[in-house]
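If you want the building blocks of each chain, they are given just below.
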Amino acid sequence: MYKRLLCITALTTSMLAGSALAAERVSIGTGGTGGLFYVIGAGISEVLNKHMPDTTARAEVTGASVENNHRVASGQMTLGLSSSSTLYEAKHGEGPFNVSGVLDVAAIAYLYPAVLQVATIDGEGIDSFDDLKGKRVSMGPPGSNAAVLATRLFEEHGVFADITPRFLSYTEGVQALVSGQVDATVVLAGAPTAALIDLDSQKDMKLLSADPGKLEALTEKYPFYQSYSLPAGTYPDVTEPVLVVNDPAILFTSGKEDQTKIYNITKSIFEHLDELGAVHPRPPRSRSKPHRRRPSRCTPVLTSTSLKRKVSRSQHEADDLEKSASYVPQTGPKEQIIVSGIYACAAVAIAALVLYGAYYGGITALILRSLFFSLVSGAALAYFAIARKSIVTRTVLYCLSIIALVPGPYLWHSYLDILMRGAMSVPTDIWVFAALMVIAFVFVWLAVGRALIVMMSLALLYAYYGYLIPGEYGHGGYDFSRLTSTLLLSTEGVYGTPMGVAVSYIFLFGLFGALLTRIGTGEVFVDIARGLTGRVQGGPGLSAALSSALLGSLNGSAVANVVTTGTFTIPLMKKVGYSAKLAGAIEAAASSAGQIMPPVMGAAAFLMAEIIGIPYAEVALAALVPALLYVLALMISVRLEAGRLGLERDSEAGLKLLAATLRTRGYLLLPLVVLIGLMMAGHSPTQAAVVGLVAGLLISPWKAATRINLVDLVAACKDTLTATMPIVAAVASAGVIIGVLNLTGMGLMVSGLIIEVGGGNLWAILLLTALASFILGMGLPTSAAYLLLAVLVAPAMTQLGMAPISAHMFIFYFGLVSAITPPVALAAYAAATISGARPNETAVESMRLGFVKLLVPFLFVTMPGILLIGSALNIVLAIVLATLATISMSIGFAGWLRDNLSAVTRLLFVIAAVLIAWPETVSNTSPLVLGARATGLLILIALCIRIFGRRSLLGSPKLL
């Protein structure tokens, strides 16, 4: 395996070297992937690459304004994006530059107004700045431009001394406002911004308008600020202009750069402003209000990357993992007791940290995630050590376990200092980063396998030695200092959004499930499902699939849905005979319906409405039929799998069992009722889970059989930690890989190649777009991947004849498929944690069950009627043909219909599906198209008659 990988790497390098271009490299310092700087920088690089053939431009992830000024002034970057205030301080050696002194930087252009928006909930009694007295206000990250500007603005209004400041990121601030943890939140960004779009879709948002006199005084005191009137209609709830303060976004360069070069770059940018302007579209001035149900976890535009990257292991690696997973102690009793005690303490500490962060919030993402990883990795290395025979190996692992506890507390202690120097690393940071990499490599090796080690190594080697690669695939090279800034000191690396998912969802809901399992709620859930569906073959699987899909339609998050409903549905399916792999796959596939099923489809769907310029209701309506096709295929697959497995009907099940269960043990469902009720009431899933845990503890003493003690609570924490260790290791490795992908700008190059390689061929562009959406879906959150492709690729698709909503829905679907498709498969890995199956096997199985997500997007082109586009007749024909094709494909993939199907029969079902969904519009009446579809229908009818007809005549089908 590794020899083949090295050969491929060498061949690729040789090809790149052979195609070297004498292009001049232009590097653009942007910001984190969660900010508009990143998208603007990506747009600028795309414009330069397209219109300046002799230039290879690349947008690079940075710590934003402060770091950009340092790196541009030192010649490490050609261009940078900065706030006006930071650029002013750099030129005058003030603020964060008082140590480094005056920097030789020069502004090129005013890009867009970055305005400080103070948001609250309408009807809460906060109508002006004076009403903020005595209130809790999220000020943005500590030391950030937002926090500094908000402090100055509140001081000018005379309210700062009377508020309770909370220093949260924009996403965290919005979530805290929705859940009632703060009373107002500030966002410094171009308007409209995704965080407030999400807020406005959940609550009746109100923006506070500044006092004109106070604002004038502020701009006189600080000349780099400006007054700005936010127009009515910027957000649906903003019906009147809002007076805000503007800290403009500036494009700048070094005073030492060649002026002719900068002139040509600037000229190219301004000659193509229409292309760059599409990056940040204005919303339509009048549109219907989006559905008010709150998404479970709203993902704002370009939040830090949301994924967990894993790769398949060889059988040898899997066997090694399985052997190590037994963790048979190889030490003496005293050592076992000591390590077990330390492990239990770590598990309790992790649970306390996660519970506090989930309910109270207020812990900055970098601090929370780094502390979490330090505790988990430290406990894990001690856990693995105890199974090793060699005393030398155990000693090394114990030492590494202690070292693993360093990065989290170090970042906590140094956080303000890191912010003030713009995440520019110092020697101590580099040493901590080196330690973190050693810990990550060993942890991943022991918990996941060697394949991810190879991928991490290749990523780091590319980052460090990429300057040796000629042409557009090379870069200027990144030393340890730069890698430290990205992978350690920001939420773009090890501590990215995937680690946030592990903290906020996977561990928390794993603990929730472990506790309820111990008090007996899982058994109650099983018996209720037996009472309702036990007399139907595969009934529990059907019940689990349908309930997960329906709940996912309310919260819009695959992972949140898996960890919410999977806690109960997966044990239920395993009990009635489904394998652990299949049970986890069914849950993952059903839960991933959430982001494609109305009424709530996640933040990317709201952004789609904004970009296309149509009401959100139209987007949701267009998505309805494809989502129903997905659920139909899943239900058919689950029912046929039950038949293939020969699952028996439960003779003891029925209404009597249901009534007895509810009468004697129904009270054990209270935690689940609390969880779902709070989520539907608008509380965050994390808060709801904490309250559900408390409800479980309160009801457990009611009967002796359900009573739990302190030992049981500690055991639940330990079980949860053990189950989540492989997931946390995979997340950490993904952080390294994705961090390098974003730092070097490789992810953005994929979309640019689509148009170049695809040319004018629609199907070539579709296939390449699907690949790019999938790749970006691994490297960026859904909304980020969607927005970039919507700007860079969707216009080319529409120019080739696709309807705008078809093009955008195509991108949307393939950006989501990574939730169940290796090597990311976040939803599948979360389900595997609960089911106990191997993650990648679960992901492959869930991909088979959820095949509609991979195939239906192509029908958006040939059968736009399933998006309710066209005449009534075309819509009906498209829905009928798509439904028949889905049914036929589901049977072919399942391989069972009343009996096991032969390979030939399965192939014929698949062929019938392809012919029915022939890649031409339903209005095409050419003989070839009509003949293909008629042939497909005849094959499907003949197969059904053969199977069902012969069974009715002869008692059993004769298989082909």
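Our structure is the block above this text.
Reference entry: report on the structure contained in this document. (Residues numbered from 1 in each chain as written. Predicted model: local features only at pLDDT ≥ 70, side-chain atom pairs only at ≥ 80, totals over all residues. Heavy atoms only, no water.)

## What about the overall build of the protein?
Filter applied, for reference: Comment: elements are numbered from the N terminus, with helices defined as DSSP H or I runs of at least four residues and strands as E runs of at least two. Relative accessibility under 20% of the residue-type maximum defines a buried residue, over 50% an exposed one, and the middle range a partly exposed one, all with a 1.4 Å probe and only protein chains included. For this analysis, residues touch if any pair of their heavy atoms sits within 4.5 Å. Using a 1.4 Å probe, the Shrake-Rupley method yields the accessible areas, and only the shown protein chains count as cover for residues.
Each helix and strand counted, the protein has 40 helices and twelve strands in total. Considering the protein as a whole, with its 960 residues, one finds that 59% of them fall into the buried category. Within the protein, contacts between residues at least 6 apart in sequence are counted, and of these 79% link residues at least 24 apart. On the protein, roughly 35,600 Å² of surface is accessible, and the fraction owed to carbon and sulfur atoms is 64%.

## Focus: the sheet that holds strand β4 (residues 105-112)
To keep things clear, this is the line we draw: When DSSP finds at least two bridges between two strands, those strands are taken to pair. Axis definition: a line fitted to C-alpha atoms, limited for helices to the stretch in contact. Angles are taken between N-to-C directions and run from 0 to 180 degrees.
Across the sheet, five strands lie side by side as β2-β1-β3-β12-β4; this open sheet has mixed pairing. Whereas interior strands pair on both sides, the edge strands pair on one side only; in this sheet they are β2 (55-60) and β4. Each strand axis lies, on average, 25° off the axis of its neighbour in the sheet, ignoring direction. Bridging between strand β1 (residues 24-29) and β2 involves six bridges; their strand directions are parallel. Paired with G29 across the bridge in β2 is E60.

## Remarks on a nonpolar patch on the surface
How we decide: Surface patches are defined over residues having more than 30% relative accessible area and no salt bridge, joining like charges when they lie within 9 Å and nonpolar side chains (Val, Leu, Ile, Met, Phe, Trp, Tyr) when within 5 Å. The term salt bridge refers to a pairing of a side-chain nitrogen on Lys or Arg with a carboxyl oxygen on Asp or Glu at a separation within 4 Å.
Residues L458, L461, Y465, Y467 and L468 make up a contiguous nonpolar surface patch of roughly 490 Å² in combined accessible area. If you trace the backbone, Y467 turns up in the loop between α17 (450-465) and α18 (480-487). Relative accessible area serves as the criterion here: at 42%, Y467 is assigned to the partly exposed category.

## Details of the side chain of S374
For S374, the position within the fold is in helix α13 (residues 365-385). Given a relative accessible area of 2%, S374 falls into the buried group. Beyond its immediate chain neighbours, meaning those up to four positions away, S374 contacts A404, L405, P407, G408 and P409.

## With respect to the packing of helix α3 (residues 65-73) against helix α4 (residues 84-92)
For the record, the criterion: Oblique is the label for every angle not falling under 35 degrees (roughly parallel), over 145 degrees (roughly antiparallel), or within 65 to 115 degrees (roughly perpendicular). For a crossing to be left-handed, the near helix must be turned anticlockwise from the far one by less than a right angle; the clockwise case is right-handed. Residues are sorted three ways: Asp, Glu, Lys and Arg are charged, Ala, Val, Leu, Ile, Met, Phe, Trp, Tyr, Cys and Pro are nonpolar, and all the rest, Gly among them, are polar.
In the contact formed by α3 and α4, the axes pass within 9 Å of each other and the chain directions differ by 40°. Here α3 lies oblique to α4, going by the angle between them. Along this stretch, α3 crosses α4, giving a crossing that reads as right-handed. Here S65, V66 and N69 of α3 lie close against α4, whose contacting residues are T86, L87 and A90. Considering only residue class, the contact of α3 with α4 consists of three nonpolar, three polar and no charged.

## Here's the deal with the pattern of salt bridges
On inspection of all chains with the given rule, the structure shows eleven salt bridges. Across the pair R136 and D183 runs a salt bridge whose closest N-O atoms are separated by 3.2 Å. Residue R136 is located in strand β6 (residues 136-138), and its partner D183 is located in the loop between α6 (170-178) and β8 (184-189); the two are separated by 47 residues in the primary sequence. With a closest N to O distance of 2.6 Å, E271 and K267 form a salt bridge.

## Some words on the packing of aromatic side chains
Put simply, the rule reads: Paired rings are identified among Phe, Tyr and Trp, the last through its six-membered ring, by centres lying within 6.5 Å, and are further divided according to the angle between planes into stacked (under 30 degrees), edge-to-face (over 60) and tilted (the rest).
Evaluation of the coordinates by the stated rule reveals 18 aromatic pairs. A centroid spacing of 4.9 Å and a plane angle of 50° characterise the contact between Y88 and F224, whose relative ring orientation is tilted. Of the two residues, Y88 sits in helix α4 while F224 sits in the loop between α8 (212-221) and β10 (226-230), which places them 136 residues apart along the sequence. Note on Y88: relative accessible area 28%, which makes it partly exposed.

## What about the pairing of strand β3 (residues 79-83)?
Each regular strand shows side chains that alternate between the opposite faces of the sheet. In terms of residue burial, β3 counts as a mostly covered element, since five of its five residues are buried. A two-sided burial pattern is seen for β3, the buried positions comprising L79, L81 and S83 on one face and G80 and S82 on the other. Here β1 pairs with β3 via two bridges, running parallel. Bridge pairing in β3 links G29 to G80.

## Focus: α4
Taken together, the buried positions of α4 are S84, S85, T86, L87, E89 and A90. Buried positions along α4 lie against α3, β3, β4, α5 (145-156) and β12 (249-254). Of the residues trailing α4, G93 is marked for its positive phi of about 65°.

## Considering the pairing of strand β11 (residues 242-246)
Along β11, four of the five residues are buried, which leaves the element largely enclosed by surrounding structure. Looking at chain direction, strand β5 (residues 115-121) and β11 are connected through two bridges and run antiparallel. By the bridge assignment for β11, L116 is matched with V245. The pairing of β10 with β11 spans five bridges and is classified as antiparallel. Opposite S227, over in β11, you have V245 as the bridge partner.

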